[in-house]
Amino acid sequence: MKDIRIGNDISVRWSLYKGDEAYDLTNLPVTLYLKNAYGKKKVEGYKVEGNQVSWTFYGKDQKNTGKYSMVLVVREGEQGMASTDYCDFVQLVACACQVSGADDENVQTETIELTSEVDFPPIIVDTALSESSLNPIANKAVAEKFAEVEGK
C-alpha cells in the first residue's frame, strides 16, 4: 500500500484476473465504488479497457486521511451480480513527510510531484528612527514612546 499526501490527484489503474487469466470487463456493466472508514461512494468518470479499470481520485474529492479500498460490481442489481474488492490500495496521509510505501502488484497509482526553488527577497529591518526611514510614521510613533519612557 502506498501512502500519498491528501490533496494530490491520484491516477489509479486496477488490473483484474481470474486465476492467471486477465478478466475481460469490456462488455460487462461495471460499477466502481471508493470505500473508506466513513462509507462508500460511487466513482464517476472511470474507464474500462480489457481487464483494467482506470480513474482519477481527484485531490478536490479527498475529504479524509486514512485507508481507501475499491469495490467493483458487475451487473449491479441484476441476476449474475458479482462483486470484488481491492482493500487498502492507498492511504491518504496529512503531510508530505508521511509519504511512503509502494503499489501492490495489481494496482498502480501515480501522482504528479512538484518541486520548486524559492528566492525570497531579504527582510530589511529599519532600525533608524527617523522621517527618512522605510516607515517614518511607525518610526515616529516608536520614537515618541521611547521619549515618554525615558522622560524626555
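Everything below is about the structure printed above this text.
Quick look at the structure, then. (Residues numbered from 1 in each chain as written. Predicted model: local features only at pLDDT ≥ 70, side-chain atom pairs only at ≥ 80, totals over all residues. Heavy atoms only, no water.)

### Some points on the overall build of the protein chain
No. 1: When you go through the protein chain residue by residue, the secondary structure sums to 1 helix and 12 strands.
No. 2: Reading the secondary structure of the protein chain in the N-to-C direction produces β-β-β-β-β-β-β-β-β-β-β-β-α.
No. 3: The buried share of the protein chain, taken over its 152 residues, is 25%.
No. 4: Contacts spanning at least 24 positions in sequence make up 66% of the contacts within the protein chain whose residues lie at least 6 apart.
No. 5: Of the roughly 10,800 Å² that the protein chain leaves accessible, carbon and sulfur atoms contribute 50%. (Helix = DSSP H or I, 4+ residues; strand = E, 2+ residues; numbered from the N terminus. Buried < 20%, exposed > 50% of the residue type's maximum accessible area, 1.4 Å probe, protein only. Contact = heavy atoms within 4.5 Å. Areas by Shrake-Rupley, 256 points an atom, 1.4 Å probe, with all protein chains shown as cover.)

### Remarks on the packing of aromatic side chains
No. 1: Going through the model one piece at a time under the given rule, you end up with 3 aromatic pairs.
No. 2: Ring plane angle 40° and centroid distance 5.7 Å describe the contact between Trp55 and Phe57, whose orientation is recorded as tilted.
No. 3: Exposure remark for Trp55: the relative accessible area of 5% places this residue in the buried category.
No. 4: These aromatic residues form a ring-pair network of at least three members: Trp55, Phe57 and Tyr68.
No. 5: In this structure, Lys40 packs its charged tip against the face of Tyr33, placed 4.5 Å from the ring centre. (Phe/Tyr/Trp six-rings, centres within 6.5 Å; stacked < 30°, edge-to-face > 60°. Lys NZ or Arg CZ within 6 Å of the ring centre and 35° of its normal.)

### Considerations on the pairing of strand E8 (residues 52–57)
No. 1: The two faces of E8 differ: Val53, Trp55 and Phe57 on one face are buried, but Gln52, Ser54 and Thr56 on the other face are not.
No. 2: As defined by bridge partners, strand E2 (residues 10–15) adjoins E8 across 6 bridges and the pair is classed as antiparallel. Of the residues in E8, the one forming a bridge with Ser15 is Gln52.
No. 3: Of the strand pairs in this sheet, strand E7 (residues 47–49) and E8 are connected by 3 bridges, and their pairing is antiparallel. Within E8, the position partnered with Val48 by the bridge is Val53.
No. 4: What sits between E7 and E8 in their antiparallel hairpin is a turn of 2 residues, with Gly50 showing a positive phi close to 65°. (Pairing = 2+ DSSP bridges.)

### Regarding the sheet that holds strand E5 (residues 30–36)
No. 1: Taken in spatial order, the 6 strands make up an open sheet running E6-E5-E9-E10-E1-E11, and their pairing is mixed. Strand pairing shows two members of the sheet lacking a second neighbour, strand E6 (39–42) and strand E11 (100–101), which therefore form its edges.
No. 2: Bridge count for strand E1 (residues 2–5) against strand E10 (residues 82–93) is 4 bridges, and the pairing is parallel. In the strand pairing of E10, Arg5 is matched with Val93.

### Some thoughts on the environment of Val43
No. 1: Topologically, Val43 is positioned in the loop between E6 and E7.
No. 2: Its relative accessible area of 7% is what places Val43 among the buried residues.
No. 3: Taking C-alpha positions, Val43 is 7.8 Å from Thr31, a pair spaced 12 residues apart along the chain.
No. 4: Sequence-distant contacts of Val43, that is, excluding residues within four places in its chain, are made with Leu32, Tyr33, Leu34 and Trp55.

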